[in-house]
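Analysis of the macromolecular model
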Amino acid sequence: MTNRELAGFLALRSPVGERLLGEVAPGESAADPLRAVDRLRRHPALAELPEEEAAALVHALLTQVRLRSRAKAKFGPLADQMFFTPAGLEQATRAPVAAYRARRIADRVASATAPVADLCCGIGADLLALARAGLSVEGVDQDPLTVAVAEANIAAAGLAGRAQVRLGDATQVRSAEYAAVFCDPARRSHRGRVFDPRAYSPAWDTVVALAQAAPAGCVKAAPGLPHESIPDGTAAEWISVDREVKETTLWFGALAEGAPSRQATLVRTKPGSGEVEIITVVDHRLGTPPLSRPLRYLYEPDNAVVRSHLVAEAAAAVNGALLDPAIAYLTSDSLVRTPLCQVYEVREVMPFSLKRLRAALRERNVGTVTIKKRGSAVDVERLRRDLKLRGSETAVVVLTRFGSRPYCLLCAEVAAGEDGGSP
């Protein structure tokens, strides 16, 4: 964060800034950035501002418009009234996930008199969700620009009576004084995304200690959090959005009581309506599924199911077996509709060979392929180029292995409503 960025954002919150923000078309800065800058710099409302202040405001305006456009994927229509920073948007929780988590927290601590602390609150996505769930929330962040953005989001949402944010060091918060503590440590540095939880900010051990010291605690972590980093006595949850796993959530104290030790939560957006459906899969300790050669259908479990080690639960749902004990592909002769897995009909199974695969696809007049892989070292983009397909049909190519041998499954998507008739 630079002083210029903070000054630009504060100017954006002025009457002049708010007026201009409403006048910038969403696609204007993306279509022709230089023209957009020139138009804004000539705007009569900026005529009396010093050149440096005007330049900072124009930069803040165009940045905010671009970020709001990108934010629609996470926040939908709410993005048009929110404020963002590039890093804050990158790490912000998607609106339906934040709402789901806030409801779970509110169900346990709504009767408490103490507020909930949102440590490392960022731009306030989770803070807003907690406040909308009826909780009193205090956010803390150590970056002045991020705090200003979170304050703007609280005001824009009309939640100033329930939520507040202050500049401070999250590690110095006394967790025991709050009804619950939520912490989303920074997982990006100046060099990019951070994968080692020990390199989070605050560091992983500190974050866990803050959550454990509170009567109830919740920590958001990266989806690839190593299982060995999960403390004993914690309830762990992996969350996917439209089949892409997005985060790991750990629950502590009162929020872990009665919860399954492992859980996968699938957030799905219903096509057309935009409504959100929440599906949960809990650990029933089913043991390892059986093994089988490829049968009529191939099932690809949701990545949240895979990350939570709940593939056995998915196998039970589809009457299925594993193709390989170390790879999360299931097979079954039963066609079962389940949100836990994508299903494909297997048309051909062959040891992997570029020449043989190309011939099989050309024989079927396939020109477009979706390539999926688990347990395969094949470079997907290079394979796509090497296939050199020109047909009019489509197919799904699944690259995997059985034991140590690489295999390829030529499949077709099973559309909704299909009854599993003959290939």
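Residues numbered from 1 in each chain as written. Predicted model: local features only at pLDDT ≥ 70, side-chain atom pairs only at ≥ 80, totals over all residues. Heavy atoms only, no water.

**Examining the nonpolar core**
Rule in force here: For this analysis, a nonpolar core means a set of buried residues of the types Ala, Val, Leu, Ile, Met, Phe, Trp, Tyr and Cys, connected via side-chain atoms within 4.5 Å. Think of it in three bands: residues with accessible area under 20% of the maximum for their type are buried, residues over 50% are exposed, and the middle band is partly exposed, with areas taken using a 1.4 Å probe on protein chains only. By definition, any uninterrupted DSSP run of H or I lasting at least four residues is a helix, any uninterrupted run of E lasting at least two residues is a strand, and each is numbered from the N terminus. When checking whether two residues touch, look at their non-hydrogen atoms; a contact exists if any pair is within 4.5 Å.
By size, the foremost hydrophobic cluster in this structure holds 61 residues, and its most contacted members are Phe9, Leu12, Phe75, Phe84, Ile105, Val109 and Leu135. At 10 residues, the largest contribution of residues to this core is made by helix H5 (residues 51–75). If we skip the residues at most four places from it in the chain, Phe9 touches Ala60, Gln64, Phe83, Leu145, Ala148, Val149 and Ala152. Residues Val140, Ala170, Ala214 and Val281 belong to the second largest nonpolar core, which totals 48 residues.

**What about the environment of Trp251?**
Note the following rule: N or O atoms within 3.5 Å of each other form a polar contact, as long as, within protein, one can give a hydrogen and the other can take it, and as long as residues adjacent in sequence are counted only when both atoms are side-chain atoms.
Structurally, the position occupied by Trp251 is in strand E9 (residues 244–253). The spatial distance from the C-alpha of Trp251 to the C-alpha of Ala216 is 7.8 Å, given a sequence separation of 35 residues. For Trp251, the contacting residues outside a window of four places in its chain are Arg101, Arg104, Ile105, Gly217, Cys218, Thr234, Ala235, Glu237 and Ala256. Among the polar contacts made by the side chain of Trp251, one reaches the side chain of Glu237 at a distance of 2.9 Å.

**Describing the sheet that holds strand E8 (residues 235–241)**
Put simply, the rule is: At least two DSSP bridges between two strands are required for those strands to pair. Angles here are taken between N-to-C directions and fall from 0 to 180 degrees, while the axes themselves are lines fitted to C-alpha atoms, restricted in helices to the stretch in contact.
Read across the sheet, nine strands follow the order E3-E2-E1-E4-E7-E9-E8-E10-E11 without closing on themselves; strand pairing throughout is mixed. Each edge of the open sheet carries a strand with a single partner, namely strand E3 (163–167) and strand E11 (276–282). The mean angle between the axes of side-by-side strands here comes to 20 degrees, regardless of whether they run parallel or antiparallel. Both E8 and E9 contribute to a ladder of seven bridges, which runs antiparallel. The residue bridging Ile239 from the neighbouring strand is Glu247, located in E9. The sheet contacts of helix H8 (residues 125–132) involve strand E1 (116–119), strand E2 (137–141), E3 and strand E4 (180–183), and relative to E2 the element is tilted by about 175 degrees. Seen against the sheet, helix H10 (residues 204–213) touches E1, E4, strand E7 (216–221) and E9 and runs at an angle of roughly 155 degrees to E7.

**Examining the sheet that holds strand E14 (residues 327–332)**
Neighbouring strands of a sheet are bound in pairs by backbone hydrogen bonds; such pairs are parallel or else antiparallel. Taken in spatial order, the seven strands of this open sheet run E13-E14-E12-E15-E18-E17-E16, and their pairing is mixed. The sheet terminates laterally at strand E13 (321–324) and strand E16 (366–373), the two strands that pair on one side only. The sheet shows a mean angle of 40 degrees between the axes of neighbouring strands, taken without regard to direction. Two elements, strand E15 (residues 341–351) and strand E18 (residues 405–413), share seven bridges in a ladder whose sense is antiparallel. Paired with Tyr344 across the bridge in E18 is Glu413. Sheet contacts for helix H13 (residues 354–363): E15, E16, strand E17 (393–402) and E18; angle to E15, the most-contacted strand, approximately 115 degrees.

**Re the packing of aromatic side chains**
To keep it simple, the criterion reads: Centres within 6.5 Å make a pair out of two Phe, Tyr or Trp rings, where for Trp the six-membered ring is used; the pair is then stacked when the planes are under 30 degrees apart, edge-to-face when over 60, and tilted otherwise. The criterion for a charge sitting over a ring is simple: Lys NZ or Arg CZ within 6 Å of the ring centre, and within 35 degrees of the ring normal.
Applying the stated criterion across every chain, the model contains four aromatic pairs. Their ring planes at 25 degrees and their centres at 4.3 Å tell us that Phe402 and Tyr407 sit as a pair that is stacked. The exposure class of Tyr407 is buried, given its relative accessible area of 17%. Stacked on the ring of Trp251, the Lys or Arg Arg104 has its end atom at 4.1 Å from the ring centre. Between the NZ or CZ atom of Arg374 and the centre of the ring of Tyr329, over which it lies, the distance is 5.3 Å.

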